[in-house]
Amino acid sequence: MRNKIVIILSALLLMPALMFAGVTGKIRGKVIDKESKEPLVGANVAVEGTSLGARTDVDGEYTVLNIPAGTYSVKASFIGYASTNVLNVRVSSDLTTQLDFSLSTEAIQVTGVEITAERPIINKSATNAVRIVSGDDLKNIPVRGVAAVVALQAGVVLQGGELFIRGGRQDEIGYYVDGADARDPRTGRQAITIVPEALEEFQVQAGGYNAEYGGANAGIIRQQLKTGSNSFSASLRAETDDFVGRGKSYMGGYSYGYSDISGTISGPIVADKVKFFIAGQNTFQADPAAAYWSGFTFNDLVEDISGSTRNPYNPIVNNPNSIYDGGPAPDTLDLVVLPGNVPGRKFQQYAGNGTLTFDLSPIIVRLSGSASFTKGLFNPTPIRNIFNQFRLHNEQRSNNLYSAKISHFLQPETYYDLTFSYSDQRFKRSDPFFKDDYLAYGDSTRAAQFGMNYFSRFQSPQDIRVDGFPFTRPGSLNMNGGGTVGYSKRKQSYLSGAIDLTHQLSNHELKAGFSYREHRVRNYSIVSLEALLGSLISNPDAARNGGAERDLLWRTGGLPTNYGYDIYGNETNDTGLDGVKKPKYISGYLQDKFEFNDLVINAGLRFDSFDNDAFEFINPLNPSYNPQDATVDPAGTRKKPVFKSVSPRLGFSFPVTDRTVFHVQYGKFVQAPQLNDMYTSTSRIALWFTGRNFIPDPAGFGLDPIRTTQYEIGFTQQFTDFASFDLTTFYKDIQGQIQYDVVTTMAGSPTASYNILKNGDFATTKGLEVTLRLRRTNRMQASVNYTLSDAQGTGSSRSSTVSSTQAGPERPVVLSPLAFNQTHRGSINIDFRFGKDDGGAILEQLGANVLFTFNSGHAYTKALQSSSAGQRGPEEAGILSDDDPRTRKPDGALNSSTTPWVFQVDLRLDKTVSIADMFDVNFYVYVLNLLDTKNVLNVYSRSGNASDDGFLSNPALSQAIVAGQGPRYVPLYQAINNQNRQHYWQNQLGSNADVTGGDLYGTPRQVRVGVNIVY
């Protein structure tokens, strides 16, 4: 015993590294004599195809540790007895698979026994709600992608393309791939793309997870990649909706130019020693966000040429794929927007995942990698840019995550893991012609090389204006209706390492770990390119000579948001206020999982240290600011102290019988704010300090982590041999969420009152989750997930308090429904299929899967119809922006209204044909939104519905504006905004878009056909 304690303590002290989430499970059970029921001492239990195994103790019990998630054959043998081999044994990460053996003497049975196990439908070792979906389950569901299936699980809400778990905000979810952190620390979203065919399983733990996990308050999503197989296998899948011609109508819907090709290959390099698995995918979508899009035609529109907006050097024609050159502009134009596909929204992605495993007993090495490259177009106002699609900004993203895990067995019951990983994430948004040369974006001389003629030397073509509506002229930079789209790029990476030590001591699984992770975060964006060029032209000597004067022009004219890059966009390793950000996170944990027949106790203690590499002002009422050179004096700032926290976790499972289990869980959780909330540049801060602008999306100085306390009680009952249900209730208290605020500076300060983010919002959420599982029987398998929730808080997002903050000193302290709360949400999935050699030649291996999803809508704040649009042009006068609601007047209590119920049916039909006992060819078709239900996801707050923004229908609000526009203003407004909701999409660029969602309606019907060939 003393030696074992020394091993544990030595490993903890000698290896400072970053902790990883566990990616392995274990098998434990008992081996007995089938006739006498006596335990067999010293029997061998082996996981075939691996070096993993164990010998039974004096009670006939065994435990096999550190088994990667997957399906295995497990063999038990003992001298004088026939061996027994159990096939199809499922192991899940961090859970225990119970597997008992009854061996017969060779006198009774000479040959070995082979048994096919049925997957258990309850797991007695879980002390919290764990929802597991295997890769085999994924392939039959009529949706594509891991996130879509995660959204079907109890406790999870999908709204506006974002996931929310148990009332937490979207950035409070932890994502893991093969045990490594896969989250984007800037936004809280998952950064890594998983090819569905590469997934062994994923788990959704909606709170209540072990002390081993941290940095995520709402829940964690753990994705485990497949391990290489012991024999060679391969697959090739191709599917598309583009079988009638892109943009063409069929079956009441359209083709959206979708295609997806994926393939896998797996096998041994050295038998039973070295195995590999590789998956790759290419996805293309001509219109990635399929939407209800009616299109329209207006002929002979007349341009408003009053003032200086006319640009005689760019003709107005209806060929957006051409580069325009010379000639006078025509007197009229035709505005033709085709139905079906939204123009200018292409998307293409290449993704890959892979693992390489070395089983060199007693050392096992697992390498895993995930990489993706994505390119697309930035086009938030597609109708406005209909004549200028050839100059839409390009977006490129790359996300890479690599990890290595070394497991070393010191004894059969003791092993440690050393794990290292590296993540690299990059993004760029740039002009398609000049790319990184952003000063050329507004240079007419450079633009002339591509046939673009500017309004003036450093002023891009001015908008075409027709009856109150602007359209960007060919070659223009002004693409979003709210200012020039500039240039942006960012890089972020982390390097980490980890040690975890596991020791099985009788019924106790003891674990300990220590962690360290360090990031490098860089950002550069410059929006006001034309303003910058104007400053340089107006000050030629300063621009030419460089130095401090040129720097000042760049800061005040271009307003760059830069850290890790200088103000010109050059990468730097400086460590000042605008230097590269290096947040560091250290953590450690101790955990004991005690498993007995009628009791499982999972107790742990976690330590977290957060160094966000952020600064705060020594005196925020008089911050150090020099208005002459628009800089922040570092002497008036200090580094935010490191935040340390200890979080207890305690869970109990009470297996009353083999079919009845209760569980109780309590835990405290803490996580750092997303980096977007903490990091900005001194140039931007200097602008805020002038008080000249309303800042809807500021940064926080010295933010603290968000803290959550959660309680969970659950009950699981297996009521037949093939069916079970689970009922879980939860309550959460969340403190210190990020909210918007204003700092009123002291008299005499050169700094005006300024907007900031701070810790302040709080929430309480509670709910009931019900799941029903029907294991396949009589060809049918089914699952039902339902969540009843009540998520309330003082703010749904960091910008929720903008209106009250701007109106006066009061801040919301009353709990109101959160905007992403869906009181009722559920899914029903039924899979019916014939097996091999079942049903005759026609029905053999024929299957159908039906998915029904529903929710009761989400909360929103109804606005008075008299609410003015504020600083809006006539082309978007009806919209009330969520990120700047200063002119919005509520009609009732905050979030007291609810959007309509949502219902959708998806269907998949498939047929598998076996060829020469070598290939299985699966032909399939699946239909998203089978009934083409036009679900209302969001509504206009003024009107309470999705088809009318409440502007034209309220003459008191619109009459004066309508009278001041051209004769076709009203039909244009109806077509562009009410039917095709351009102003709604444009205003989803703000900070509240994570909550309100990207569209008013759900997606229309989409039909996809495909084939999957498996070798």
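Summary of the structure given here. What you are looking at is a predicted structure, and each value in this text was computed from that prediction instead of being measured. (Residues numbered from 1 in each chain as written. Predicted model: local features only at pLDDT ≥ 70, side-chain atom pairs only at ≥ 80, totals over all residues. Heavy atoms only, no water.)

So, about the overall build of the chain. Looking only at helices and strands, the chain has 14 helices and 52 strands in total. Relative to the compact-globule value of 31 Å for 1015 residues, the chain shows a C-alpha radius of gyration of 31 Å, a close match. If you line up the chain on its principal axes, its C-alpha atoms span 105 × 70 × 55 Å. Here the chain holds 1015 residues, and the buried ones make up 57% of them. In the chain, 72% of the contacts between residues at least 6 apart in sequence involve partners at least 24 apart. (Helix = DSSP H or I, 4+ residues; strand = E, 2+ residues; numbered from the N terminus. Rg over C-alpha atoms; globule rule 2.2 N^0.38 Å. Buried < 20%, exposed > 50% of the residue type's maximum accessible area, 1.4 Å probe, protein only. Contact = heavy atoms within 4.5 Å.)

Further remarks concern the sheet that holds strand 3 (residues 53-55). Taking strand neighbours across the sheet as the criterion, the five strands line up as 3-2-5-6-9 in an open arrangement whose pairing is mixed. Every other strand in the sheet has two partners, leaving strand 3 and strand 9 (113-116) as the edge strands with one partner each. Strand after strand, the sheet turns through a mean of 20 degrees between neighbouring axes, direction not considered. Of the strand pairs in this sheet, strand 5 (residues 70-77) and strand 6 (residues 84-91) are connected by six bridges, and their pairing is antiparallel. From the neighbouring strand, A76 faces strand 6, where its bridge partner is T84. (Pairing = 2+ DSSP bridges. Axes fitted to C-alpha atoms, helices over the stretch in contact; angles between N-to-C directions.)

So, about a negative patch on the surface. Where like charges cluster on the molecular surface, the negative patch consists of D57, D59, E61 and D100. We classify D100 as partly exposed; its relative accessible area is 49%. (Patch = residues over 30% accessible without salt bridge, like charges linked within 9 Å, V, L, I, M, F, W, Y side chains within 5 Å. Areas by Shrake-Rupley, 256 points an atom, 1.4 Å probe, with all protein chains shown as cover. Salt bridge = Lys/Arg side-chain N within 4 Å of Asp/Glu carboxyl O. Lys, Arg positive; Asp, Glu negative; His and termini not counted. Charge placed at Lys NZ, Arg CZ, Asp CG, Glu CD.)

Where helix 5 (residues 529-538) meets helix 7 (residues 547-558), the axes come as close as 8 Å, and the angle between the chain directions of the two elements is 145 degrees. The chirality of how helix 5 crosses helix 7 is right-handed. Packed against helix 5, whose contacting residues are A531, L532, S535 and L536, the element helix 7 presents L553, W554, G557 and G558 at the interface. In terms of residue class, the contact of helix 5 with helix 7 is built from five nonpolar, three polar and no charged. (Left-handed = near helix turned anticlockwise from the far one by under 90°. Nonpolar A, V, L, I, M, F, W, Y, C, P; charged D, E, K, R; others polar.)

What follows covers the pattern of salt bridges. Across all of its chains, the model carries 47 salt bridges by this definition. Across the pair R144 and E197 runs a salt bridge whose closest N-O atoms are separated by 2.7 Å. Taken as a pair, R144 in the loop between helix 2 (135-138) and helix 3 (146-150) and E197 in the loop between strand 14 (180-181) and strand 15 (199-205) lie far apart in primary sequence, 53 residues in all. The class for E197 is buried, based on a relative accessible area of 13%.

Another point: the packing of aromatic side chains. Throughout the structure, instances matching the rule amount to 48 aromatic pairs. Ring centres 4.8 Å apart and planes at 40 degrees place the aromatic pair F662 and F715 in the tilted group. Of this pair, F662 sits in strand 40 (residues 660-671) while F715 sits in strand 41 (residues 706-718), placing them 53 residues apart in sequence. Here F662 falls in the partly exposed class, since its relative accessible area comes to 36%. A network of ring pairs unites the aromatic residues F615, F617, Y625, F689, F701 and Y754 as a single cluster. R1008 extends its terminal NZ or CZ atom over the ring of Y258, reaching a point 3.6 Å from the ring centre. (Phe/Tyr/Trp six-rings, centres within 6.5 Å; stacked < 30°, edge-to-face > 60°. Lys NZ or Arg CZ within 6 Å of the ring centre and 35° of its normal.)

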